[in-house]
Amino acid sequence: MSPQPQSAVGAPLSRVDGRLKVTGKAEYAAEHDIKGAVHAVIVDASIGRGRITSIDTRAAEQHAGVLRVIHHGNAPKLPYRDNTGSNNPAGRRLRVFQDDQVLFHGQPVAVVVATTLEAAQHGASLVKVRYDTEKPSTDITRAKPGEPTPYARGDAEAGLRSSAVRLDLKYKLARNHHNPMEPHATVARWDGNKLTVWDKTQWVMGTHDEIAAVFDLPADAVRVINPFVGGGFGSGLRCWPHTIVAALAARVTRRPVKLVLSRKQMYFGTGFRPAYEYRLRLGSDRRGRLNAAIHDIDHETSSYETFAEAVLGTGQMMYSMPNVRQAYRQVPLDVNTPIWMRGPGFATGAFVIESAMDELADELGIDPIELRRRNEPAEDESTNEPFSTRRLSECYTVGAREFGWDRRNPVPRSAREGNLLIGLGMAAGAYDCGRYPGQARARLDADGTAVVEAATTDMGPGTYTSQTQVAADALGLTMRTVTFRLGDSEYPFTSPHGGSSTMASVGSAVVDACNKVRQQAIKLAVEDRESPLYGVNADDVVVRNGRLHVRNNTARGETYKSLLARNDRSRLEANGSYEGPGSDRSAYFAYSATFAEVSVDATLGLVRVRRMLGVYDAGRIISPKLADSQALGGIVGGIGQALLEHTVTDHRDGRIVNASLADYLVPVNADVPEIRAIYLDGEDNAGNLLGVKGLGEVVQVGVAAAIGNAVYNATGRRIRQLPITAESLL
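Computed from a predicted structure; not experimentally measured.

### Let's talk about the side chain of Glu385
In this fold, Glu385 is placed in the loop between helix H10 (368–374) and helix H11 (392–403). In contact with Glu385, other than residues within four places in its own chain, are Glu379, Asp380, Arg585, Ser586 and Ala587.

And the structure:
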């Protein structure tokens, strides 16, 4: 087949759903107006560990508008059929209202259902719960870790002993919460034994499977709908207890139920990036060639589930090193279960490793970029696989030139503007982008328009737009004649909307489906004696703006519309699929080089980011305008991770002290004066049809380290904890 002309892919197009969003017509989970819906409000446990001894619901039940109060004493017992391999971390899950145990502060212990939201809220405040209280364990520094997940190559201890330069560094990284703009919400409606759920989720199929497992329903008895998501950052990558509570309440009351978490409840009702304790011992020779590294990594998980993320990856593949040993331990605590957050694992590992590389460069008197170049690997040394592409050195070159790295004074505390200390820093990053099986369905209608469907999600990166671009080019249609539909479990199966996987996975399935439809049309034309294309070699036919024509003879052709009308066809349809990377045995990563300039008030220790630059090796860029949104958003998230975000727990009872946007600080416009992103031209054709890698995760990886390294250059103070606070610099 001749290559299709590409006019939509690569163009800086505005979002196809942008008008719906800015006019308020896009319906988010809580905004679906379901006839007869009533409201539910969860009652949260006020202790960190223990058992419920009694629940007094009389005052709540007598309040006007309250329909039911459901708790472990009166809730139906649910089967919780095993669902291993769905969207649950390993463990036994939180079985809401199934027993009297309290496993963390804020755990749902009851739900009040009422005719109005106000009645449900007040009713929840009237429920009196008594407990047999135990002392919760919520402090990672005082709890016993589980058995380690090990990794080793070479002899790290011997390599460290033989190294001319050795560093022994300890890092602490605070827990971070996602805080998307849209709160998590669920609307649940039963029609007999069939359940429809409108839910905020990044994986409609995972939520579908979890609900089916909890209620022991056949797959065709559950439908999950989610056309729009107001931000996720990973918080929607699994089905949370409130979704089960809403469905349970709807079954008990026989009414559709709407349940919306408050901002405070999102701090213990959904997950978070876990807190880390990370020790790194690093050795090199005097020329900066890395010889050995030993990583000891602890992070918090819940007592009832074991959460893990890819924190080992950076230490295994980022730099060439013959001797590496890692021990990765989860620390079970009386908290709710963590979940993946933007750049999961890699953003954490990058702060430690890239900070240590900067410290080693300073120790050796080598430029930080030069040190990284000297340790550039020829292959992924953890798997002995070749990199699909690795253009990190080019990212350094472009970034250094565009940022003005040559103006950096390597002597700390040497650049000043009045009372402000000025510093420049940089860090590298990588992310193991996902490539998962997925499916799509494409339909070309007789009027020359097309509809493409897949059960994926759009939490903000622009899935509607980018998939429309891909479909339009594959079909040879304009953007305005293609409609892409998503967010419904009745559409073809897709994997989670996360891990920088959507474009490679869903996009490849969309291309496959649309290619099949286009090829059907071409076959129809070249076999149709009345078509201008009759007898033409199918490989010589392309489609542009809905018109099939010979590649080198645009006059010879016809439109989809005329072809289908003449052949009395109302539509052409095809299913597409992507099976994953298959037999491809290459190491597939996206890369970043992030540069930061900061000022630090010499008296007050206040850090301000002045400008940042990210340079990315992310394969083919489908939509430059959307890519900028991704990159700038990821850098802003990294600024929050570096300087502001920190979940505070009262270890006496497990209560989260700063569970609000008034107390949990995130960056605002004043914190982000100048950000720029650059994408290297090129494609990575390892294992997907589009040549993409994915951009959503890598844009946050390395940001916190670049800022921390800039702070050191400005002040001479090496801060090994996140966030970097004024107190730590005084």
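### Topic: the packing of helix H9 (residues 346–364) against helix H16 (residues 703–715)
Viewed as axis vectors pointing N to C, H9 and H16 meet at an angle of 30 degrees, and their least axial separation amounts to 8 Å. Considering the angle they form, H9 stands roughly parallel to H16. Pair H9 / H16 crosses with right-handed handedness. Between H9, through Ala350, Phe351, Glu354, Ser355, Asp358 and Asp362, and H16, the contact on the second element is made entirely by Ala704, Ala705, Asn709 and Tyr712. Of the residues in the contact of H9 with H16, the class split is five nonpolar, two polar and three charged.

### Focus on the packing of helix H15 (residues 624–643) against H16
Contact pair H15 / H16: the axes reach a minimum separation of 8 Å and the direction vectors enclose 55 degrees. Comparing the axis directions of H15 and H16 gives the class oblique. Relative to H16, the crossing made by H15 is right-handed. Of the residues in H16, those in contact with Gly634, Ile635, Gly638, Ile639, Gln641, Ala642 and Leu643 of H15 are Val703, Ala704 and Ile707. Partitioning the contact of H15 with H16 into residue classes produces seven nonpolar, three polar and no charged.

### Here we look at the side chain of Asn291
When you line up the elements, Asn291 lands in strand S15 (residues 290–302). Exposure remark for Asn291: the relative accessible area of 19% places this residue in the buried category. If near-sequence neighbours (up to four positions away) are discounted, Asn291 is found in contact with Gly159, Ser162, Ser163, Gly283, Ser284, Met321, Pro322 and Asn323.

### Section: the nonpolar core
The biggest cluster of nonpolar side chains holds 149 residues, and the ones touching the most others in it are Val510, Leu548, Val598, Tyr616 and Ile707. Top element by residues in this core is helix H13 (residues 502–526). It accounts for 14 residues. Judged by nonpolar contacts, the second largest core, of 45 residues, contains Ile70, Tyr80, Leu103 and Ile211.

Rules of the game
Residues numbered from 1 in each chain as written. Predicted model: local features only at pLDDT ≥ 70, side-chain atom pairs only at ≥ 80, totals over all residues. Heavy atoms only, no water. Helix = DSSP H or I, 4+ residues; strand = E, 2+ residues; numbered from the N terminus. Contact = heavy atoms within 4.5 Å. Axes fitted to C-alpha atoms, helices over the stretch in contact; angles between N-to-C directions. Parallel < 35°, antiparallel > 145°, perpendicular 65-115°, else oblique. Left-handed = near helix turned anticlockwise from the far one by under 90°. Nonpolar A, V, L, I, M, F, W, Y, C, P; charged D, E, K, R; others polar. Buried < 20%, exposed > 50% of the residue type's maximum accessible area, 1.4 Å probe, protein only. Core = buried A, V, L, I, M, F, W, Y, C linked by side-chain atoms within 4.5 Å.

Nothing here speaks to function; it is geometry throughout.
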